[in-house]
Amino acid sequence: MTLGVRVIHRAHPMNRPQMNLFADIRALVLTNLAAMVEAGQLPDGLATDNVTVEPPRDAAHGDMATNAAMVLAKPAKMKPRDIAEMLSTRLAEDERITSAEVAGPGFLNLRLDSSVWHGVVAAALRAGTDYGRSDLGAGKKVNVEYVSANPTGPLHVGHTRGAVFGDALASLLDFAGHDVTREYYINDGGAQVDVLARSVYLRYLEAHGQEVAFEDGTYPGDYLIGVGEALKAKVGDAFVDKGEQFWLAEVREFATEAMMDLIREDLAALGVEMDVFYSEKSLYGTGRIEAALDDLRGKGLIYEGVLEPPKGKKPEDWEPREQTLFKSTDHGDDVDRPVMKSDGAWTYFAPDIAYHYDKVQRGFDALIDVFGADHGGYVKRMKAAVSALSEGAVPLDIKLTQLVKLFKHGQEFKMSKRAGTFVTLRDVVDEVGPDVTRFMMLTRKNDAMFDFDLDAALEQSKENPVFYVQYAHARVTSVMRKASEAGFDLPHERLADADLSGLTDPAELAVAAKIAEWPRLVETAARTNEPHRIAFYLYELAQVFHALWNRGNDDPTLRFLQDSEEASMPKIALASACAVVIAAGLGILGVKPAEELR
RNA sequence: GGACCGUUAGCUCAGCUGGAUAGAGCGCUGCCCUCCGAAGGCAGAGGCCAGAGGUUCGAAUCCUCUACGGUCCGCCA
């Protein structure tokens with residue numbers, strides 16, 4: 001920003017920036033409740049946490065509704081409608097509120113002066129794509145771990161959903177004021193990377209002209225052919241016909257690196273960028289697993305014991321064995337979990353504990369793990385571990401992403417890891433592009449199964465939510481282009497300061513009201529860790545926008561572009577504010593807003 | 001045997017952590033372009049929120065049980 005005297009606009013009193021209208025009105029309600037206590041109309045010491053101010057489901061109920069009277073009735077030992085009446089006369093005195101009616105069991109329905117909506121539009125334009133940013137997470141460091149696929153091959157569709165979900169969640173939390181770290185845990189310490197190494201070794205022999213057979217327990221996928229050749233280029237024939245002890249460690253290293261390069265490329269194709277790649281291997285032989293377990297041991301949570309066999313399962317090869325166990329039942333788990341096998345090696349759970357111990361020690365205030373649904377069985381033990389390690393101070397939320405089924409031409413794409421054929425992230429992105437992939441993946445709750453129809457995702461119609469939202473944005477761009485061609489000069493700053501009193505039609509105010517919901521929606525989405533809410537909101541915003549647009553067909557005064565610059569200004573301000581919110585929302589989802597559609 | 005997730009219109013899905021007459025898209029019926037992109041919009045029909053109990057002023061939402069579908073259950077990651 002340049003130095004100098006800034007012109008301070010003496011804004012219209014109603015045009016002051018309102019970053020969250022619902023929060024403002026809720027504050028107003030609380031103030032008046034306090035005044036009622038002061039005046040002896042309400043008893044002192046009532047909890048107001050549950051008082052909400054929200055958009056009513058039915059537009060006929062006004063612009064906002066508060067449940068204050070109903071929430072307070074019981075503790076105040078008063079009738080809800082009596083409280084509502086008193087509150088209503090007070091609220092009606094505020095200049096922003098044109099009416100406050102008691103309705104139903106004790107709701108208070110508020111109607112707002114249209115200048116309030118004008119203020120919302122101005123605020124959105126002033127803040128630009130920062131409109132709706134929240135300080136909800138101010139001062140909170142959050143770690144979001146997602147994807148974390150084994151480095152044994154390219155990412156497949158299931159990973160794609162986790163990648164999109166985790167990435168959008170991270171952006172959402174960032175938008176809500178958190179200090180976010182995006183993290184990927186590389187499972188490079190277990191037996192599966194040995195399998196990878198052996199598989200690459202076979203491809204390596206193949207590159208040397210040998211006939212090889214891929215037995216069970218090896219990865220037969222084509223994607224390792226190049227790695228085998230690369231290995232040959234690097235070491236020549238040094239490993240040919242040698243025992244594992246000569247090559248396993250080196251090939252494992254080489255192959256893991258190659259797979260991580262592959263995965264990083266896959267993520268880049270989707271537009272996902274991690275802050276941290278954390279290696280499981282780095283936990284071994286460095287005392288870090290031991291340190292984490294010592295911490296638990298110090299809390300009396302590690303013991304030697306024998307687990308009961310799981311009931312209902314055939315205990316054919318079950319033998320009672322003494323193992324080192326973590327007393328996870330003390331922290332909400334159903335059974336205690338082994339951290340060391342009977343042969344003295346760590347279970348997979350041990351490095352997981354150490355990894356989360358490390359996250360806790362890095363000072364995060366909250367942890368989020370995004371797992372595939374097939375890892376649902378580990379939720380309780382991981383939560384137990386973090387609870388124990390942090391002594392309950394660091395919450396761990398684990399979001400499971402359900403299965404994705406891909407359809408094309410009405411047929412399901414099947415995947416089979418055994419045969420080495422599976423639908424990869426790359427297949428999907430190549431087919432429909434990263435933007436469509438990302439948006440579509442967020443049109444379902446994370447814990448609901450998702451049938452992804454690739455044909456529908458490319459369709460240019462209302463059926464396709466990506467298109468529908470992009471279309472709204474493109475229409476605004478089109479208006480701006482036309483305005484510019486007409487010689488109008490309407491930058492956001494000018495629009496924000498414009499007299500918006502010309503916006504009076506219900507269709508126009510509906511768009512403004514939707515825009516007013518944005519900051520509130522961001523907060524609920526962030527609080528619940530549910531980025532899909534953003535996608536659904538954008539669809540709704542596009543909906544009211546398209547409705548207004550079409551009203552312009554019948555009623556020329558509702559068109560965005562009017563004859564004069566002055567007359568166009570409030571209309572275009574509204575359209576621009578709408579575009580700003582769409583751009584901000586798409587930004588969170590990692591989707592580029594479209595300037596035009598073809 | 002147990003744990004976790006799901007079950008809402010004919011189909012695909014939302015439902016803002018307990019609020020009013022439960023919403024959207026597709027499909028179905030009827031309308032709207034001499035007009036900023038109709039790639040859109042408006043209106044209508046369509047529901048025992050899987051079922052049964054419970055909690056309270058109030059339940060699709062919270063608790064218990066049941067049914068169906070999915071994922072998983074010590075020495076595999």
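Residues numbered from 1 in each chain as written. Chains lettered and ligands numbered in written order. Predicted model: local features only at pLDDT ≥ 70, side-chain atom pairs only at ≥ 80, totals over all residues. Heavy atoms only, no water.

(A) The protein's contact with RNA strand B, seen in detail. Lining the immediate environment of RNA strand B, one finds 69 residues, of which Phe107, Tyr378, Lys462, Tyr468 and Asn553 sit closest. The sugar-phosphate share of atoms of RNA strand B within 4 Å of the protein amounts to 59%. Between RNA strand B and the protein, one listed contact pairs a phosphate oxygen with a backbone N or O atom of Lys462 at 2.2 Å. Contributions of two or more residues to the surface near RNA strand B are made by α2 (68-76), β4 (107-112), α6 (191-207), α15 (465-485), α17 (506-528) and α18 (532-554). Looking at the surface near RNA strand B, the element that brings in the most residues is α18, giving 11 residues. Across the surface near RNA strand B, the residue classes break down as 23 nonpolar, 21 polar and 25 charged. (Near = heavy atom within 4 Å. Polar contact = N/O pair within 3.5 Å; in protein donor to acceptor, adjacent residues only side chain to side chain. Helix = DSSP H or I, 4+ residues; strand = E, 2+ residues; numbered from the N terminus. Nonpolar A, V, L, I, M, F, W, Y, C, P; charged D, E, K, R; others polar.)

(B) Main features of the pattern of salt bridges. Inspection of the entire model under this criterion finds 31 salt bridges. The closest approach of N and O atoms between Asp497 and Arg126, which form a salt bridge, is 2.9 Å. Residue Asp497 is found in helix α16 (residues 492-497), and its partner Arg126 is found in helix α4 (residues 114-127); the two are separated by 371 residues along the sequence. Since its relative accessible area comes to 34%, Asp497 is described here as partly exposed. Arg362 serves as the salt-bridge partner of Asp358, at 2.8 Å between the closest nitrogen and oxygen. The exposure class of Asp358 is buried, given its relative accessible area of 15%. On the accessibility criterion, Arg362 (27% relative accessible area) is partly exposed. Several salt bridges share partner residues, and in doing so they unite Glu183, Arg288, Asp358 and Arg362 into one network. (Salt bridge = Lys/Arg side-chain N within 4 Å of Asp/Glu carboxyl O. Buried < 20%, exposed > 50% of the residue type's maximum accessible area, 1.4 Å probe, protein only.)

(C) View of the packing of α2 against helix α3 (residues 80-91). Taken N-terminus to C-terminus, the directions of α2 and α3 make an angle of 125°; their axes are 8 Å apart at the nearest point. Relative to α3, α2 is oriented oblique. In this structure, α2 crosses over α3, and the sense of that crossing is right-handed. Judged by residue contacts, Ala68, Ala69, Met70, Leu72, Ala73 and Ala76 of α2 engage Pro80, Ile83, Ala84 and Leu87 from α3. The class makeup of the residues in the contact of α2 with α3 is 10 nonpolar, no polar and no charged. (Axes fitted to C-alpha atoms, helices over the stretch in contact; angles between N-to-C directions. Parallel < 35°, antiparallel > 145°, perpendicular 65-115°, else oblique. Left-handed = near helix turned anticlockwise from the far one by under 90°. Contact = heavy atoms within 4.5 Å.)

(D) Main features of a negative patch on the surface. A surface patch of like charges, here negative, comprises Asp451, Asp453, Glu459 and Glu463. With respect to the helices, strands and loops of the structure, Asp451 is situated in strand β15 (residues 450-453). (Patch = residues over 30% accessible without salt bridge, like charges linked within 9 Å, V, L, I, M, F, W, Y side chains within 5 Å. Areas by Shrake-Rupley, 256 points an atom, 1.4 Å probe, with all protein chains shown as cover. Lys, Arg positive; Asp, Glu negative; His and termini not counted. Charge placed at Lys NZ, Arg CZ, Asp CG, Glu CD.)

(E) View of the nonpolar core. Within the largest apolar cluster, 128 residues are counted, with the highest numbers of intra-cluster contacts made by Phe452, Ile515 and Trp518. Sorting elements by how many residues they give to this core places helix α19 (residues 565-589) first, with 14 residues. Ignoring sequence-local partners within four residues, the contact set of Trp518 consists of Tyr131, Gly132, Phe175, Ile534, Tyr537, Val581, Ala584, Gly585 and Ile588. Counting 31 residues, the second-largest nonpolar core is a separate cluster that includes Ile353, Val360, Leu367 and Phe371. (Core = buried A, V, L, I, M, F, W, Y, C linked by side-chain atoms within 4.5 Å.)

(F) Looking closely at the packing of aromatic side chains. Evaluated as defined, the whole model comprises 17 aromatic pairs. For the ring pair Tyr201 and Trp247, a centre distance of 3.7 Å and an interplane angle of 5° mean the geometry is stacked. Placement of the pair is Tyr201 in helix α6 and Trp247 in helix α8 (residues 244-270), with a sequence separation of 46 residues. One aromatic cluster is present, built from ring pairs that chain together Tyr201, Tyr204, Phe239 and Trp247. Across the ring face of Phe349, the terminal group of Arg381 is positioned such that the distance to the ring centre comes to 6.0 Å. Here the basic side chain of Arg520 rests over the ring of Phe22, its NZ or CZ set 5.3 Å away from the ring centre. (Phe/Tyr/Trp six-rings, centres within 6.5 Å; stacked < 30°, edge-to-face > 60°. Lys NZ or Arg CZ within 6 Å of the ring centre and 35° of its normal.)

(G) Layout of the sheet that holds strand β7 (residues 276-279). On the basis of which strands lie adjacent, the open sheet formed by five strands has the order β7-β6-β5-β11-β12 and parallel pairing. Where the open sheet ends on each side, the last strands, each with one partner, are β7 and β12 (396-401). In this sheet, adjacent strand axes meet at a mean angle of 25° when their direction is disregarded. Sheet topology note: the strand β11 (residues 366-372)/β12 ladder contains six bridges and is parallel. Residue pairing in the sheet places Val370 in a bridge with Lys399 of β12. Along the sheet, helix α5 (residues 157-175) contacts β5 (141-145), β6 (179-186), β11 and β12; its crossing angle with β6, the most-contacted strand, is approximately 160°. Across the sheet, helix α11 (residues 379-389) touches β11 and β12, and the angle it forms with β12 is around 160°. (Pairing = 2+ DSSP bridges.)

(H) Spatial organisation of the pairing of strand β9 (residues 322-326). Most of β9 sits inside the fold, with four of its five residues counted as buried. Pairing of strand β8 (residues 302-306) with β9 involves five bridges; the strand directions are antiparallel. When the sheet's bridge partners are listed, Gly305 is paired in β9 with Gln323. By the bridge criterion, three bridges tie β9 to strand β10 (residues 337-340) in an arrangement that is antiparallel. Directly across from Thr324, in β10, lies its bridge partner Met340.

(I) The environment of Lys141, seen in detail. Structurally, Lys141 can be placed in strand β5. A relative accessible area of 29% means that Lys141 is categorised as partly exposed. Spatially, the C-alpha atoms of Lys141 and Gly177 are 9.6 Å apart, while their sequence positions differ by 36 residues. Setting aside residues up to four positions removed in sequence, Lys141 forms contacts with Asp179, Arg362, Gly363, Phe364, Asp365 and Ala366.

(J) Up close: the sheet that holds β15. Within the open sheet, the three strands sit side by side as β14-β13-β15. Their pairing is mixed. Since the sheet does not close on itself, it has two edges, and those belong to β14 (411-413) and β15, each with one partner. Between one strand and the next, the sheet's axes are offset by a mean angle of 35°, whatever the strand orientation. Two strands pair when backbone bridges link them, and strand β13 (residues 404-408) and β15 are joined in this way by four bridges, in the parallel orientation. Looking at the pairing, Phe407 lines up with Asp453 of β15.

(K) Representation of the domain arrangement of chain A in the model. Parsing chain A into structural domains produces domain 1 (13-112), domain 2 (191-270) and domain 3 (461-589). With eight residues of domain 1 at the interface, the matching set in domain 3 holds seven residues. For the pair domain 1 and domain 3, the summed buried surface comes to about 570 Å²; carbon and sulfur atoms form 52% of the total. Applying the counting rule to domain 1 against domain 3 returns one salt bridge. With a shortest N-O distance of 3.3 Å, Arg520 and Glu54 are connected by a salt bridge. At the junction of domain 1 and domain 3, the tally comes to one residue pair in polar contact (both at pLDDT 80 or more). Contributions of two or more residues to the side of domain 1 that touches domain 3 are made by α1 (21-38) and β1 (53-54). Grouping the constituent residues of the side of domain 1 that touches domain 3 by class yields five nonpolar, two polar and one charged. (Domains from an automatic or database assignment. Buried area = accessible area lost by both parts, 1.4 Å probe.)

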